[in-house]
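The primary structure of each chain is shown beneath.
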Amino acid sequence: MWRLLLFISALCLAAALIARWFFGMRVLADEGKRACRCDLATWMPLADDSAVLHRAEDSAAEFGRQLRAKALAEWRDSDPKAAAARENSRRFGMAVPPLSGLVAVFAVLVAKIPVMGGISVLLAATALASVLGVLSLAPELAAITREAKKLRTAKNFPRRDDEDAVIRCAVAHAWKETLPPILGLLQR
């Protein structure tokens, strides 16, 4: 039973890591360093943005991060229930794997389950958090798409290539952040 749980969990984790790499990390590595220029008169970051200085020229990854932040803020205003559900699934991914790891370690130490069982429980909890994160990603991507349409009509970027790179980086940031942080240690 433990081996079956371990096998299924490993398959889910491998699929999630591959998807995160393909749709997130790879795109940020390819497009993220691209220097983009925008019109600061129309491109205004959020009021609570942590950046001290906003420049008209920055990397596509940074503009993509700002676009994703704008999309998430707009989504929280227009559909707070769906945005809260997405945030709760992200919190679940942050809390459940470490806590299940602690439970598994204590269960192994008091000899309630074998070591293989402890590893299986940890991987199963991480796989569950990964699957929930990927399944709840679609509404966030829809919010980024809506914000990207506004970006295209506002003509914030003089070059269409810059605009496309920024949109791809915004989607890539969403994919990068969808898995539990414990898996982020594996893919840097």
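Residues numbered from 1 in each chain as written. Predicted model: local features only at pLDDT ≥ 70, side-chain atom pairs only at ≥ 80, totals over all residues. Heavy atoms only, no water.

### A word on the overall build of the chain
Here is the rule we go by: Secondary structure elements follow DSSP: runs of H or I of four or more residues count as helices, runs of E of two or more count as strands, with numbering from the N terminus. Classification of residues uses two cut-offs on accessible area relative to the type maximum, computed with a 1.4 Å probe and protein chains only: under 20% is buried, over 50% is exposed, and between them is partly exposed. The contact rule is simple, with two residues in contact once any of their heavy atoms fall within 4.5 Å. Only the protein chains shown count as cover for residues, and all accessible areas are computed by the Shrake-Rupley method using a 1.4 Å probe. Neither His nor the chain ends is counted toward charge; the positive residues are Lys and Arg and the negative residues Asp and Glu. Where a charge sits is defined by one atom per residue type, namely NZ (Lys), CZ (Arg), CG (Asp) or CD (Glu).
From N to C terminus, the chain includes 7 helices and 2 strands. Of the regular secondary structure in the chain, the N- to C-terminal order runs α-β-β-α-α-α-α-α-α. With respect to the principal axes defined by its C-alpha atoms, the chain has extents near 65 × 35 × 30 Å. With 188 residues in all, the chain has 42% of them scored as buried. Long-range contacts, defined here as pairs at least 24 residues apart, represent 78% of the contacts in the chain between residues at least 6 apart. Carbon together with sulfur atoms contributes 66% to the accessible area of the chain, which is approximately 10600 Å² in total. Across the chain, 26 positive and 19 negative side-chain charges occur, with their mean positions spaced 7 Å apart.

### Points about a nonpolar patch on the surface
Threshold: Patches here are clusters of residues that have more than 30% relative accessible area and form no salt bridge, with a 9 Å joining cutoff for like charges and a 5 Å cutoff for nonpolar side chains (Val, Leu, Ile, Met, Phe, Trp, Tyr). Counted as salt bridges are all cases of a side-chain nitrogen of Lys or Arg within 4 Å of a carboxyl oxygen of Asp or Glu.
Residues Leu 99, Leu 102, Val 105, Phe 106, Leu 109 and Val 110 make up a contiguous nonpolar surface patch of about 630 Å² in total accessible area. With respect to the helices, strands and loops of the structure, Leu 102 is situated in helix H3 (residues 80-109).

### As for the pattern of salt bridges
Scanning the entire structure with this criterion turns up 16 salt bridges. One salt bridge in this structure joins Asp 162 and Arg 34, with 3.0 Å as the shortest N-O distance. Here the residue Asp 162 occupies a position in helix H6 (residues 160-177), and Arg 34 occupies one in the loop between helix H1 (2-31) and strand S1 (35-37), the gap between them amounting to 128 residues. Arg 37 is the partner of Glu 57 in a salt bridge, and the nearest nitrogen-oxygen pair spans 2.1 Å. Note that Glu 57 is positioned in strand S2 (residues 57-59) and Arg 37 in strand S1, a separation of 20 residues in sequence. The exposure class of Glu 57 is partly exposed, given its relative accessible area of 40%. Salt bridges here are not isolated pairs; linked through shared partners, they connect Arg 34, Arg 159, Asp 161 and Asp 162.

### A few points about helix H5 (residues 137-154)
To keep it simple, the criterion reads: An expected span of 1.5 Å times one less than the residue number is assigned to each helix.
Its 18 residues place the ends of H5 26 Å apart at the C-alpha level, agreeing with the 26 Å of an ideal helix rising 1.5 Å per residue. Of the surrounding secondary structure, the elements contacted by the buried residues of H5 are helix H2 (60-78), H3, helix H4 (115-135) and H6. Looking one or two residues beyond H5, the residue adopting positive phi is Lys 155, at roughly 55°.

### Observations concerning the packing of H5 against H6
As a reminder, the rule being used: Axes here mean lines fitted to C-alpha atoms, for a helix over just the part in contact, with angles spanning 0 to 180 degrees between N-to-C directions. For classification purposes, an angle smaller than 35 degrees is called roughly parallel, one larger than 145 roughly antiparallel, one from 65 to 115 roughly perpendicular, and anything else oblique. Note: crossing handedness is left-handed where the near helix turns anticlockwise from the far helix by less than a right angle, and right-handed where it turns clockwise. In this classification, Asp, Glu, Lys and Arg are treated as charged, Ala, Val, Leu, Ile, Met, Phe, Trp, Tyr, Cys and Pro as nonpolar, and every other residue, Gly included, as polar.
Put simply, H5 and H6 touch, their axes get as near as 10 Å, and they point 160° apart. Classified by the angle their axes make, H5 and H6 are roughly antiparallel. The two elements H5 and H6 meet at a crossing, and its hand is right-handed. Two secondary-structure elements touch here, H5 through Leu 137, Glu 140, Leu 141, Ile 144, Ala 148, Leu 151 and Arg 152 and H6 through Arg 160, Glu 163, Asp 164, Ile 167, Ala 170, Val 171, Ala 174 and Trp 175. Each residue belonging to the contact of H5 with H6 can be placed in one class, and the counts come to 10 nonpolar, no polar and 5 charged.

### Let's talk about the nonpolar core
Note the cut-off: What makes a nonpolar core is a set of buried Ala, Val, Leu, Ile, Met, Phe, Trp, Tyr and Cys residues whose side-chain atoms join them at distances within 4.5 Å.
Grouped together as the largest cluster of nonpolar side chains are 24 residues, with contacts concentrated most on Trp 43, Phe 63, Leu 67, Phe 157 and Val 166. For this core, the elements supplying multiple residues, two or more each, are H1, H2, H5 and H6. Looking at this core element by element, the count peaks at 8 residues for H6. Excluding residues within four positions of it along the chain, Val 166 makes contact with Cys 36, Ala 60, Phe 63, Gly 64, Leu 67 and Phe 157. One finds Leu 13, Leu 17, Ala 127 and Leu 183 within the second-largest nonpolar core, a separate group that totals 6 residues.

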